[in-house]
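Structural overview for review
Residues per chain are reported as follows:
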Protein chains: 2
Amino acid sequence: MENFSEWFHNILEEANITDSRYPIKGMAIWMPYGFQIRKYTLELLKELLDKDNDEVLFPMLVPEKELAKEGIHVKGFEDEVYWVTKGGQKDLNEQLALRPTSETAIYPMYSLWIRSHIDLPIKYYQIANTFRYETKHTRPLIRVREITTFKEAHTAHATKKEADEQVEDYIKLYKEFFNDLGIPYLISKRPSWDTFPGADYTMAFDTIMPDGKTLQIGTVHNLGQTFAKTFDITFEDKDGEHKYVYQTCAGLSDRVVAAMIASHGDEKGLSLPSMVSPNHVTIIPILFKKGKEDVLNKCENIKEQLEAVGLRVNIDDRDIRPGKKFYDWELKGTPIKLELGPRDLENNITIAMRRDNLEKVEIDLDDLLADNILNLIAKYDKNLNSKSWAFLEDHVKFTADLNEVPKLIEDGYVVSFNWCGDDDCGKQIEEETGYDILGIYEELDGESGLKCIKDGEDAKYVALIAKTY
Amino acid sequence: MENFSEWFHNILEEANITDSRYPIKGMAIWMPYGFQIRKYTLELLKELLDKDNDEVLFPMLVPEKELAKEGIHVKGFEDEVYWVTKGGQKDLNEQLALRPTSETAIYPMYSLWIRSHIDLPIKYYQIANTFRYETKHTRPLIRVREITTFKEAHTAHATKKEADEQVEDYIKLYKEFFNDLGIPYLISKRPSWDTFPGADYTMAFDTIMPDGKTLQIGTVHNLGQTFAKTFDITFEDKDGEHKYVYQTCAGLSDRVVAAMIASHGDEKGLSLPSMVSPNHVTIIPILFKKGKEDVLNKCENIKEQLEAVGLRVNIDDRDIRPGKKFYDWELKGTPIKLELGPRDLENNITIAMRRDNLEKVEIDLDDLLADNILNLIAKYDKNLNSKSWAFLEDHVKFTADLNEVPKLIEDGYVVSFNWCGDDDCGKQIEEETGYDILGIYEELDGESGLKCIKDGEDAKYVALIAKTY
């Protein structure tokens, strides 16, 4: 697409995903179709999380006293916290923060709940709305002031080893989640200056948007014992000693939906991964006065057959011309459209059209209809996945020449380069190029002999730099 | 139970429903077990709503300008609105309300979305958190400052008739919902002074708690054209004229869970309606060193058999004595417990115990196990339902003597009485007795000859008066 930003803005409203005309900047409404996509996306996520985590829900407000306790953390958020200062006509005794994230809401309770090693590990998550008073340009689902769909998991463990393993587990879970949605990703360890405030280190998932800019779509933080010490989260270990817990947290947001829309969309509209599409199959009857009933009855019959194998199916029987219906469901990204007219009925066939490549296939109505459709959907999902991964792989380019970096990024690439790993050196690279280091993508063998792109020292890492959202 | 208030407070923490120790008064945490109950309750509700309504999600903040537009409405809420006045370190240009309810967030958008009669009706609902700066004594799930689970439906129609019918439809839906949960209710039309601010009239569902006090658990409001006029929600009708829409809204909250807990609980703990119980069946293996494996294998096998028919089943294989397990699952209200020890295994039986009446039945492990369990669960649900309805019916008493009202209410009754319907008369009744008129329960035939309990005028209604939460 020529202008991704404009395309994205338009598709959200045209496909009934969100409406940004709400009278507060950076806060939008989830419209019915968008809400369904969000719902199925959350179902998928919860299914993965519920295997090993418990869902809970914490209050939305955080007392100032708690938010302020962890100094590094609050510094990272103080410029973007919304404050409630009044209840009714009166000033409150203590101002209350709209949670920007919930560490400071949750960890005082962990301090109460955790007493002994048998209480560990704790792995809780919640899906909640959080708030950031963004001063930058806002953009629906991408940079917003109310994150309506914030998944945050918070764990506490008896040992450092378990916390390290938990980080790996969440990375694995996110991979599975993004793979199911066909969203390609680059995983990197954020540089120190871009680490979550209060964390030892941050692992991040970025995807590449059609305009070549990267979008952070998920993070996993190893919190070490920082918060444990601030909020006094201790346990009596088997040996009778009182110890601080080790913690991790991990987040996802509305951006997942943004990335999914961007990864698979085209000029005609959305292509939704079947797992989260409100309809897997949309049946479009071609109606004439004569034989109308028969065609509609057969559509109902097909719908029932497909629903029996677990598919979500709708029939578009609106009284408008079929061309408009095709247009609408291409816009909304139903994986498979089925066309059925009186002549098809006579010949006992239906025409199936895949949304991704718009290819048509004739399907015999008696010959394993459901199996054929399931098969088409599987091919469709696989193609979405491989197309989007191919796009990502085509858009990462290595260079050993620092001067080449800005040009490559302007051409739509994420640039990989060899780096010594020194903080000052990294900040200089950012300053000289004007772009952001995403983080460390790969560790290099100590014996590689490769040199840092900036200072010529021995390179320890392959790092990524990009224009970011 | 002797002291309901204390019982309720304790059961919430003991059964892992909510934790009220969060450092803001009136805001509590949904704990894992409680969250599951909430989740299944919402699934049931959504299933009913989704037949005829679309789910959406609006921003949590409402600009002061919009909230203030509808004068009567804002008067009803102004003392209990939380205000956000600061973003980061700066004062906001306009203060933003934490939604106490979302009419003023939603209706400005209805004004944009509705253009023509073909856009109507609109039936949207959302499940969201709302806020009330309560100055009264707070109580978890019953009177809170953050309502974490607020279901609000908002409709717009072309005609008054359709709006009136919508009110009836929502009442029907609520009846079905509460029936599924075995929560008994009294439906009444609230008196004018207790009508939702801005509504023409309010229909309310109240249940009777074990202490005889009533709890409002659902409301349906006929909004007429009040908000349509304030927010300029008009449409071009078939005749080409521009007209204001007619509106309704309907709400439910966390109180549904409170009512469910209260309706079915006893000294031993919860009895959860199967529809919302995290486990339908809890299997308790009786383990000795010898034959442990065999017993556990059989438990797994039973679990699989029951899950195959759609039941939610857990095995409590904790290394503690069986008595403690029985105690725990009676507290948590699993409908059916299955006990299986080595001797049962030899005899090829299991002992099933219903939570409601604690009756034990021996069940042959080969003889239609799943059918037998489903049958037991059906009887269990039916019994919860009839017991709670019997309690309600036993606790409504009619009197024609105003002096008798306070005594009856103190004895735990909701009192029904004949009423002329006059506002001043009604307020005098409230003042003299010190209790609240719930509303009109029944219309009387004009020829009944019955007289008003207070002023002796012709009675038009049977009304209800009670001590309320």
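Residues numbered from 1 in each chain as written. Chains lettered and ligands numbered in written order. Predicted model: local features only at pLDDT ≥ 70, side-chain atom pairs only at ≥ 80, totals over all residues. Heavy atoms only, no water.

Okay, the side chain of B:His73 next. Residue and element names in this part refer to chain B. With respect to the helices and strands, the residue His73 is situated in helix 4 (residues 71-77). We classify His73 as buried; its relative accessible area is 1%. Sequence-distant contacts of His73, that is, excluding residues within four places in its chain, are made with Thr101, Glu103, Thr104, Phe196, Pro197 and Phe227. (Helix = DSSP H or I, 4+ residues; strand = E, 2+ residues; numbered from the N terminus. Buried < 20%, exposed > 50% of the residue type's maximum accessible area, 1.4 Å probe, protein only. Contact = heavy atoms within 4.5 Å.)

The next subject is the sheet that holds strand 16 (residues 313-315) of chain B. Residues and elements named next belong to chain B. Read from one edge of the open sheet, five strands run 16-15-17-18-19, paired in mixed fashion. Two strands bound the open sheet, and with one partner strand each, they are strand 16 and strand 19 (360-364). Adjacent strand axes in the sheet meet at a mean angle of 25° when their direction is disregarded. Relative to strand 16, strand 15 (residues 281-285) is paired through three bridges, and the arrangement is parallel. Residue Thr282 lies in a different strand from strand 16, and its bridge partner there is Asn314. (Pairing = 2+ DSSP bridges. Axes fitted to C-alpha atoms, helices over the stretch in contact; angles between N-to-C directions.)

Turning our attention to the relation of the copies chain B and chain A. Two chain copies here: they are related by a rotation about an axis and a translation along the same axis. Expressed as a screw operation, the relation of chain B to chain A combines 0.0 Å of axial shift with a rotation of 180°, fitting to an RMSD of 0.0 Å. Here the transformation between the copies is reduced to the relation of a two-fold axis. Among all C-alpha atoms of chain B, that of B:Val84 lies closest to the rotation axis, at 2.1 Å. Mapped onto chain A, 100% of the interface residues of chain B again fall at the interface, so both copies present the same surface. (Least-squares fit on C-alpha atoms with pLDDT ≥ 70 in both.)

In this structure, A:Leu61, A:Leu98, A:Tyr110, B:Leu61, B:Leu98 and B:Tyr110 are the most contacted members of the largest nonpolar core, which totals 90 residues. For A:Tyr110, the residues in contact, after removing those within four places along its chain, are A:Ile122, A:Tyr124, A:His154, A:Thr155, A:Ala156, A:Ile233 and A:Gln247. (Core = buried A, V, L, I, M, F, W, Y, C linked by side-chain atoms within 4.5 Å.)

Our focus in this paragraph is the pattern of salt bridges. Residues and elements named next belong to chain A. Across all of its chains, the model carries 47 salt bridges over all chains by this definition. Salt-bridge contacts for Lys160 lead to Asp164; the nearest nitrogen and oxygen are separated by 3.0 Å. Placement of the pair is Lys160 and Asp164 together in helix 6 (residues 160-180), with a separation of four residues, close to one helical turn. With relative accessibility at 24%, the residue Asp164 sits in the partly exposed group. (Salt bridge = Lys/Arg side-chain N within 4 Å of Asp/Glu carboxyl O.)

A few words on the pairing of strand 21 (residues 414-419) of chain B. Residues and elements named next belong to chain B. Here strand 21 lies mainly inside the structure; six of its six residues are buried. Note: strand 20 (residues 396-398) against strand 21, three bridges, orientation parallel. Among the inter-strand pairings, Lys397 is bridged to a residue of strand 21, identified as Val415. In this fold, the crossover linking strand 20 to strand 21 by way of helix 13 (residues 405-410) has right-handed handedness. (Right-handed = clockwise from strand over helix to strand, strands pointing away.)

Don't take any of this as a statement about function, it's just geometry.
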